[in-house]
2 protein chains.
Amino acid sequence: VKLAEDLATLAEFSEAGPGVTRLAWSPPHIRALRWLAGRLEEAGLDAQLDAAGNCVGRWAPNGAEGQAIGLGSHIDSVPAGGRFDGTLGVLGALAAIELLRERAFVPTTPVWLMSFMDEEGTRFGESMFGSRAFVGEDLDAYLSLSDSSGATVGQAMQDAGFSPDDVRAARAVAGLSAFLELHVEQGKVLLDAGVDIGVVNAIVGLLQARVVVRGVSDHGSTPMPGRHDALAAAARMIVALRDWARDESDMTATVGSMEAWPGAYNTIPGKCSFSVDLRVPDRARFATLRERLTDLVAGIAAQETVEVGVEITDFIQPAELDERLLTLIERAAETEGASHMRMPSGAGHDSQVLAPYVPTAMVFVPSAGGVSHSPEEFTTPAHCELGARVLARVIELAQGDAELLGPDA
Amino acid sequence: VKLAEDLATLAEFSEAGPGVTRLAWSPPHIRALRWLAGRLEEAGLDAQLDAAGNCVGRWAPNGAEGQAIGLGSHIDSVPAGGRFDGTLGVLGALAAIELLRERAFVPTTPVWLMSFMDEEGTRFGESMFGSRAFVGEDLDAYLSLSDSSGATVGQAMQDAGFSPDDVRAARAVAGLSAFLELHVEQGKVLLDAGVDIGVVNAIVGLLQARVVVRGVSDHGSTPMPGRHDALAAAARMIVALRDWARDESDMTATVGSMEAWPGAYNTIPGKCSFSVDLRVPDRARFATLRERLTDLVAGIAAQETVEVGVEITDFIQPAELDERLLTLIERAAETEGASHMRMPSGAGHDSQVLAPYVPTAMVFVPSAGGVSHSPEEFTTPAHCELGARVLARVIELAQGDAELLGPDA
């Protein structure tokens, strides 16, 4: 198993500068995908780039047939990102297959390995192009998005030798009986708990919004009772949002940006704007988020005699992952002698796209310092390999699971 | 009495543009002061510009002698200011003297009328140059301040035909037995209360500070318990500052500007900075402000596991005004059939500089909409004249007050 070597090799496919910069459809990304296809062939898979720029490798030794177990993630990166995010899920899957081959294990059904196109979405502003094509979503609008230079997705595809008209041909999810994604955690939960394997039971839904509070700007000598202070009202909203998330389990609320106008020492702000980022892992609570956010800020605005508006800027449904697969992952971790815990993923992943179509689960390994999307992103070689070994064990254990591997009804 | 006409005339001394722009020592300001000196001479006062650029007129009819009752304010303005701030206190005082002359009233002691140089402080960043020279403060450091073009106060004085070496000669406060300043309120207290005359019993002390909160920047998927969120902590501080001021009487707390870094939707702010403007009218509470501010933010920072620093940027002691003069103003208002109420001034004034040296009080008249430092600044002609009539009545009433007008012990 050459996992560490493969990770180092793939990190070389990058624009100049710190860390790894491998934006979707860019020359380093396309070269990396072609290298990957070659590497999969070398490992005994039948590999090609599909119509959406996904690299898909198929391992079907000795006439294995029926629906496949899918593995994989993505190898595109954010600007100045790290060498593990996504990449470990692809190369770890390859290592898992090579481990199985070393053990002379022969699966009864095929195993597919995918590297999905443009998971990050940094270049064109929307994410998960490849997995959305793989499940057959309509991507016409996506193809018209443009990057900062004005080039559209369609043009970027053509520059890379692909045809935007063929994207529908990438639909292949029906060939899978299950999908399993290994990924670095991108947080500190495993690290803080001292646990090796995160068994991801849900991928959080995300609501992002901008809240604008309008009061009345006035001189700082204005007595307190008559004020309509946009910033004081916003501050109460920010505290209340934080307290709401604290009172729930597995929910986060983040206010990351904030501005107040006119912004003078001796002037009561007449306008204030702040961002809101809310995440919950379950659909039941996610369905109430928008209304609860609106009620919370409206209630405070009324008390503070100011006006408030909420504009939703992003709204991504949570994914609940497959219980049977989660149990298999736990058994696999135990077989490898690894500690494990269930946890939601606070970040989005290709698994979120696949989960409505096919039983899906994710395996997390710890990130040093919880850092990701950074040149300092790091997961120890031992944890990288452990992730691959757990994937391999899940494939072994799944063979005994007729219901999981049986033909789709 | 030509008060309305004088106000209109003086408004013409301005740079081009909206409202009145008559910055300290600027050609329009110096021309306005020279016009004023001529106008005072015309009204029977002995007037000149002193060594600090103050216009001082002395009315000593029929051998009135001893310490004088001082009246006045300032005629410099902020950029794009109005025609009433300061100016009404000077021209209203002139109107009061002309009223007394119309009534053939002869005071037993002189009356002085001052227009103090650079009350606003906008040009050089420090305020009240003229009144500080009048009371004999050391202004060596002030003379070295420079404006946005790099010109120092000393150079601006020389350009206007004054010698910075002579500033000490402007000291003249010992000639006064009392000082009385008429001013527009610059707020809405009188307007909201439907009262004509504000009897200003104190000028608030001002503490301004910048608070910097340092936490740890992290991804928005970080669980709530492990966060060190600089903005959430700052929001609690802002609410607590507001609640503190609400719980006190006659105190204001304003957070006017605020920034959070790095400022992304999905990133917990690692640093946050905000301004604080605290005002109280009494020395006892003012003396505790700095410590209470520091304790308040430090207490919240400890609970929020962030660090906090407080940098005091301005610290101006409050002035408590003279009770005997306040009573005279109330009697004067009643004589004129005007409603009155005691109130602190939330803004700074020359009276704040004079109060430690001589019994001082202020008279406020209402500002339409509470607006000041704006071309829209407006006080009705009726309220302008009422202010002048109250000043005249105070001078009449003071004649019977041997203690007030007696020689300084």
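Computed from a prediction, not measured in an experiment: that's the story for all the values here. (Residues numbered from 1 in each chain as written. Chains lettered and ligands numbered in written order. Predicted model: local features only at pLDDT ≥ 70, side-chain atom pairs only at ≥ 80, totals over all residues. Heavy atoms only, no water.)

Visitor: When you look at the pairing of strand β12 (residues 271-280) of chain B in this model, what are you seeing that I'm missing?
Guide: In regular strands, side chains alternate between the two faces of the sheet. Residue and element names in this part refer to chain B. When you tally the buried positions in β12, you get nine out of ten residues, the bulk of the element. Both strand β7 (residues 205-214) and β12 contribute to a ladder of ten bridges, which runs antiparallel. Residue pairing for β12: valine 211 is matched across the bridge by phenylalanine 274. Across three bridges, strand β9 (residues 252-254) lies against β12 in antiparallel orientation. (Buried < 20%, exposed > 50% of the residue type's maximum accessible area, 1.4 Å probe, protein only. Helix = DSSP H or I, 4+ residues; strand = E, 2+ residues; numbered from the N terminus. Pairing = 2+ DSSP bridges.)

Visitor: Sorry, what's going on with the environment of B:Pro225 here?
Guide: Residue and element names in this part refer to chain B. Position of proline 225 relative to the elements: it lies in the loop between β8 (218-219) and α8 (230-247). With a relative accessible area of 76%, proline 225 lands in the exposed category. Residues proline 225 and valine 200, spaced 25 residues apart in sequence, show a C-alpha to C-alpha distance of 50 Å.

Visitor: Help me understand the relation of the copies chain B and chain A, please; the structure alone is not making it clear to me.
Guide: A rotation about some axis, followed by a shift along it, carries one copy of the chain onto the other. Rotating chain B by 180° and translating it 0.1 Å along the rotation axis places it on chain A, where the RMSD comes to 0.0 Å. On the angle and the small slide along the axis, the relation comes out as a two-fold axis. Rotation axis and chain B: the residue whose C-alpha lies nearest the axis is B:Ala235, separated from it by 2.2 Å. Mapped onto chain A, 100% of the interface residues of chain B are again interface residues, and the two copies thus contact each other with one and the same surface. (Least-squares fit on C-alpha atoms with pLDDT ≥ 70 in both. Contact = heavy atoms within 4.5 Å.)

Visitor: What am I meant to see in the environment of B:Lys2 here?
Guide: Residue and element names in this part refer to chain B. Mapped onto the fold, lysine 2 is located in the segment before α1 (3-11). Take lysine 2: its relative accessible area is 32%, and that puts it in the partly exposed class. Spatially, the C-alpha atoms of lysine 2 and alanine 151 are 37 Å apart, while their sequence positions differ by 149 residues. What lysine 2 contacts, discounting residues up to four positions off in sequence, is Arg39, Glu42 and Glu98.

Visitor: Would you mind going over the interface of chain B and chain A with me for this structure?
Guide: Interface size is commonly expressed as the accessible area that is lost once the parts come together. Each partner contributes to the interface: chain B provides 47 residues, whereas chain A provides 47 residues. Roughly 3700 Å² is buried in total at the junction of chain B and chain A, and carbon and sulfur atoms are behind 60% of that figure. Area buried by chain B at its contact with chain A is led by B:Met224, B:Arg242 and B:Tyr265, which between them contribute 21% of it. Counting every contact that joins chain B to chain A gives four salt bridges. Among the salt bridges present, the one from B:Glu304 reaches A:Arg242, with a minimum N-O distance of 2.7 Å. The tally of links from chain B across to chain A stands at twelve residue pairs in polar contact (both at pLDDT 80 or more). At the level of secondary structure, the elements contributing two or more residues to the side of chain B that touches chain A comprise β7, β8, α8, β9, β10 (258-261), β11 (267-268) and β12 of chain B. Of the residues contributing to the side of chain B that touches chain A, the split by class is 21 nonpolar, 16 polar and ten charged. (Buried area = accessible area lost by both parts, 1.4 Å probe. Salt bridge = Lys/Arg side-chain N within 4 Å of Asp/Glu carboxyl O. Polar contact = N/O pair within 3.5 Å; in protein donor to acceptor, adjacent residues only side chain to side chain. Nonpolar A, V, L, I, M, F, W, Y, C, P; charged D, E, K, R; others polar.)

Visitor: For this particular structure, what's the right way to read the packing of aromatic side chains?
Guide: Each aromatic ring pair is described using two quantities: the centre-to-centre distance and the angle formed by the ring planes. Under the definition given, this model contains 16 aromatic pairs over all chains. Taking the centre distance of 4.8 Å and the plane angle of 40° together, the rings of A:Phe286 and A:Phe315 count as tilted. Taken together, the positions of A:Phe286 in helix α9 (residues 283-303) and A:Phe315 in strand β13 (residues 307-316) put the pair 29 residues apart, joining distant regions of the chain. Linked through ring pairs, A:Trp25, A:Phe129, A:Tyr142 and A:Phe162 together constitute an aromatic cluster. We note B:Arg290 situated over the ring of B:Phe315; from NZ or CZ to the ring centre the distance is 4.8 Å. (Phe/Tyr/Trp six-rings, centres within 6.5 Å; stacked < 30°, edge-to-face > 60°. Lys NZ or Arg CZ within 6 Å of the ring centre and 35° of its normal.)

Visitor: How should the pairing of strand β4 (residues 111-115) of chain B be read in this particular structure?
Guide: Residues and elements named next belong to chain B. For β4, a buried count of five out of five residues is recorded, marking the element as mostly surrounded by other parts of the structure. Across the two faces of β4 the burial is the same, with Val111, Leu113 and Ser115 and Trp112 and Met114 all buried. Here strand β2 (residues 55-59) pairs with β4 via five bridges, running antiparallel. By the bridge assignment, arginine 58 is partnered in β4 with tryptophan 112. In this structure, strand β3 (residues 68-73) lies alongside β4, joined through five bridges in parallel fashion. Within β4, the residue paired with isoleucine 69 across the bridge is valine 111.

Visitor: Whenever I open this one, the packing of helix α2 (residues 27-42) of chain B against helix α3 (residues 87-102) of chain B confuses me. Can you help?
Guide: The packing of two helices is summarised by the inter-axis angle and the distance between the axes. Residues and elements named next belong to chain B. Look at α2 against α3: their axes get within 11 Å of each other, and the N-to-C directions meet at 10°. By the angle class used here, α2 and α3 are roughly parallel. Facing Trp35, Leu36, Arg39 and Leu40 of α2, the residues of α3 in contact are Val90, Leu91, Leu94 and Glu98. When the residues that make up the contact of α2 with α3 are grouped by side-chain class, the tally is six nonpolar, no polar and two charged. (Axes fitted to C-alpha atoms, helices over the stretch in contact; angles between N-to-C directions. Parallel < 35°, antiparallel > 145°, perpendicular 65-115°, else oblique.)

Visitor: What's the story with helix α8 (residues 230-247) of chain A in this structure? I'm lost.
Guide: Residues and elements named next belong to chain A. With 18 residues, α8 should cover 26 Å at 1.5 Å per step; its first-to-last C-alpha distance of 26 Å lies within 8% of that length. Of all 18 residues in α8, 13 are buried; the element is thus mostly enclosed. With a side-chain oxygen positioned 3.0 Å from the backbone nitrogen of leucine 231, the residue opening α8 is aspartate 229. (Expected span 1.5 Å × (residues − 1).)

Visitor: Would you explain unusual backbone geometry in this entry?
Guide: Among all residues except glycine, the phi angle is most often negative; among peptide bonds, the trans geometry is most common. Note the cis peptide between A:Trp261 and A:Pro262, where omega equals 0°. Considering the arrangement of structural elements, one finds A:Pro262 in the loop between β10 (258-261) and β11 (267-268). Its identity as a non-glycine residue notwithstanding, B:Met128 has a phi of 70°, on the positive side. Along the chain, B:Met128 turns up in the loop between β4 and α4 (129-135).

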